[in-house]
Amino acid sequence: VVKIKGGAMSIAYHYGHESETYAQHNKLVIAEKTLQLLRDDMIVLIGGGTTIREFIKKIPATLRATFITVNVLSAVELLDKPMIKTIVIGGQISAYSQMTVSGEVFEYLSNIKADLCIIGTNAIDPVNGLTDSDWETIQVKKAMIKAADKVAILAISEKLNSSMKMKIADLQDIHYLITELPAGSEALQGYKAKDLEIL
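Residues numbered from 1 in each chain as written. Predicted model: local features only at pLDDT ≥ 70, side-chain atom pairs only at ≥ 80, totals over all residues. Heavy atoms only, no water.

**A few points about the pairing of strand β3 (residues 43-46)**
Judged from the four bridges that link them, β3 and strand β4 (residues 65-69) form a sheet pairing that is parallel. Looking across to β4, one finds that Val-44 is bridged to Phe-67. In the classification by handedness, the crossover that spans β3, the intervening helix α2 (residues 50-58) and the parallel β4 is right-handed. Where β3 lies against strand β6 (residues 114-120), three bridges are found, and the strand directions are parallel. Bridging across to β6, Val-44 finds its partner in Leu-116. (Pairing = 2+ DSSP bridges. Helix = DSSP H or I, 4+ residues; strand = E, 2+ residues; numbered from the N terminus. Right-handed = clockwise from strand over helix to strand, strands pointing away.)

**A few points about the sheet that holds strand β9 (residues 148-154)**
Across the sheet, which stays open at both edges, the seven strands sit in the order β5-β4-β3-β6-β9-β11-β12 with parallel pairing between neighbours. Pairing within the sheet leaves two strands with one partner each, and these edge strands are β5 (84-88) and β12 (197-198). Judged from the six bridges that link them, β6 and β9 form a sheet pairing that is parallel. Bridge pairing in β9 places Gly-120 opposite Leu-154. Packed onto the sheet, helix α5 (residues 135-146) meets β3, β6 and β9 and runs at close to 150 degrees relative to β6. (Contact = heavy atoms within 4.5 Å. Axes fitted to C-alpha atoms, helices over the stretch in contact; angles between N-to-C directions.)

Structure follows, in structure tokens:
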């Protein structure tokens, strides 16, 4: 078992172990950089994926905030943070993205305004913006972006300069791009022209 806020739970619910996380070192660098965006009393809308979960693990136990998520696995990780209020938006779960994707999600998201939205991406490109190939996932991510004042995209560098079939958002809809690369890296030059803050 592992200790969580309010008791204990089987370690099996903590999805994935460190040895199973692809490109874990790069994701840990991204996680550390993302911490600088957090402030007490924020409302944070957060997605899912292994990079997001590495970030959640790094959140200080002293941070006081509300996190709203469409991903059950992200919610489980957040249970370890004693000062964070966690809200899960329920509904049908997509096997593709492990996000809730049914109508209730869109209704809930249309009625909130988060301070910050943190999501991962499968593809990002200076011309084509954020793209993916799953229709339901795209619609939820669009709604999440619309529901926040600021948007941060977490992406390991191999996802840069790649495109998929359907658009989620243009780069001008994004405020922060966080990769494991140094901000001055040549691979990020095309994104700097888009007025993104690169961390």
